[in-house]
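Secondary and tertiary structure notes
Residue strings, one per chain:
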Amino acid sequence: MTDFNDVAQASGMDAVRRMLEKVEQDAPKPASDTPAAPAVEPWPKFDGDISRFLDTEPPPRKWFVHNRLLAGRAAVLTGIGGASKTTALYHFALGAVLGWLPWDWKVDTTGTALLFLTEDTTDDTHHALADLCESLSDEDRARVADKLRVFSLAGEDVRLLSVDQGALYENARALGLIARCAAIDDVAFIGIDPALALSEGDELSQAHQRYLGQFIDKLAIQTGACAMLVTHATKASANADEITSHASRGGGGITDAVRAEFLLRTMTTKEATAHGVNGNDRKRYVQLVATKANKAPLEAFTPLWLERGRNGLLYPAELALVERQESSLTMTDRRVYDVLRELCKTSVPMRQEWRLECQRRGLVAGSSEDAKTKSMQRIIGRLLEAGLIKRGSARGSYIPTYQDETA
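Note that the coordinates shown come from a computational prediction; the quantities given were computed from them, not determined experimentally.

Focus: the nonpolar core
In terms of nonpolar packing, the biggest core is built from 48 residues, with Phe64, Leu69, Phe92, Trp103, Trp105, Phe189 and Leu288 touching the most fellow members. Top element by residues in this core is helix 4 (residues 85-98). It accounts for 9 residues. Residues contacting Trp103, with those up to four places away along its chain left out, are His91, Phe92, Leu288, Leu304, Leu306, Leu314 and Pro316. Counting residues in hydrophobic clusters, the runner-up holds 26 residues, among them Ala74, Val76, Leu161 and Ala195.

The following block contains the structure:
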């Protein structure tokens, strides 16, 4: 190799500069730390042209259940444990197959129904169908056999969404679920129970919950079916006086991602008193109420009372509000009632303790202890008749009828 000094002496410094430039050009370039920018493509791919909408009538909106559940979109059915969510899911599935529900809701779209029950065995399914189909005609039973598919998945790995570096993605099972459902031409209803089993994501993460809801909505859109996902509700929703949306437990993003949310809740003590239902009989009744229903009219939000009949099946309940006799109560009666509510926030008082506290506050009068006791008994009688109090578990004690909703 020729030395640069020799080149300089023989040909001058310009020749040396030319040699250095060539060496620099031929040397391998180090990899850049900055990745190349991706090719920019317009998004969304369609152009957003709406001109055709201005000169044509829109097609009729397609409902699965008229004015309540849209076909081709996702919905959530939520409730605390023991609220008959899975039973209701079976009823919706049979409604899709047979064209009717046990209660007065109109089924607009019929076809095949698919149920994916991640907590049920084949024995559970066998018993459930025996109860549901016992009173059906031979024709209806044949249609159920042809159009209902139940996947009993207890004990299986049913996770559809996996986590990679904190981000959710649809795994092979998720893609397989869409493929199985889309392969059936006339799917009208898809029920999946429960949401908690489907995702490795964080139930309290808004982003993770929204992704799960979006996946179920995608399943509905690609199949044209109403896809209903069962979730667990917050405990507060079970006793709430006013039902609001986002009743599903955890991140509320799942409700944002779907088109409807329906809540199933057991009758509260307060509602039982209002309807003249006694004691534990209230647990026979559940309320089905829409907390969110896009495109639905206002009447869709009217609560529906259902009664759990034989084997837990759901039927329309025959309930009527009873007249309360509170008008006969005096102001003193109401103040005595307020004292009981206040005392019960700490512990349930015996009748004598309640009376003595009322005497201390000047609410119970009498010329003697016997007279004061009888005055208190009369007040207690009126409060019992008005339905504001009931006997406690200990002899000689009373508790407010609605204490478990207000404490």
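After that view, the rundown keeps rolling.
Examining the pairing of strand 12 (residues 304-308)
Among the 5 residues of strand 12, 4 are classified as buried, and the element is accordingly described as predominantly covered. As paired elements, strand 11 (residues 285-293) and strand 12 share 4 bridges and run antiparallel to each other. Bridge pairing in strand 12 links Gln287 to Trp305. Pairing of strand 12 with strand 13 (residues 314-316) involves 3 bridges; the strand directions are antiparallel. Bridge assignment links Arg308 to a residue of strand 13, and that residue is Leu314. Between strand 12 and the antiparallel strand that follows it, strand 13, lie 5 residues; Asn311 among them carries a positive phi value of about 60°.

Brief notes about a nonpolar patch on the surface
On the surface, Ile50, Phe53 and Leu54 cluster together to form a nonpolar patch covering roughly 340 Å² of accessible area. Its location among the elements puts Leu54 in helix 3 (residues 51-54). For Leu54, a relative accessible area of 66% puts it in the exposed group.

Re unusual backbone geometry
Between Trp43 and Pro44 the backbone carries a cis peptide bond, its omega angle lying at -5°. Its place among the elements puts Pro44 in the loop between helix 2 (13-26) and helix 3. Note the cis peptide between Asp193 and Pro194, where omega equals -10°. Secondary-structure assignment places Pro194 in the loop between strand 8 (187-193) and helix 8 (206-223). Residue Gln165 is not a glycine yet carries a positive backbone phi of 55°. When its relative accessible area of 82% is taken as the criterion, Gln165 is described as exposed. For Lys295, which is not a glycine, the phi torsion comes out positive at approximately 75°. For Lys295, the position within the fold is in the loop between strand 11 and strand 12.

Definitions and limits used
- Residues numbered from 1 in each chain as written.
- Predicted model: local features only at pLDDT ≥ 70, side-chain atom pairs only at ≥ 80, totals over all residues.
- Heavy atoms only, no water.
- Core = buried A, V, L, I, M, F, W, Y, C linked by side-chain atoms within 4.5 Å.
- Buried < 20%, exposed > 50% of the residue type's maximum accessible area, 1.4 Å probe, protein only.
- Helix = DSSP H or I, 4+ residues; strand = E, 2+ residues; numbered from the N terminus.
- Contact = heavy atoms within 4.5 Å.
- Pairing = 2+ DSSP bridges.
- Patch = residues over 30% accessible without salt bridge, like charges linked within 9 Å, V, L, I, M, F, W, Y side chains within 5 Å.
- Areas by Shrake-Rupley, 256 points an atom, 1.4 Å probe, with all protein chains shown as cover.
- Salt bridge = Lys/Arg side-chain N within 4 Å of Asp/Glu carboxyl O.

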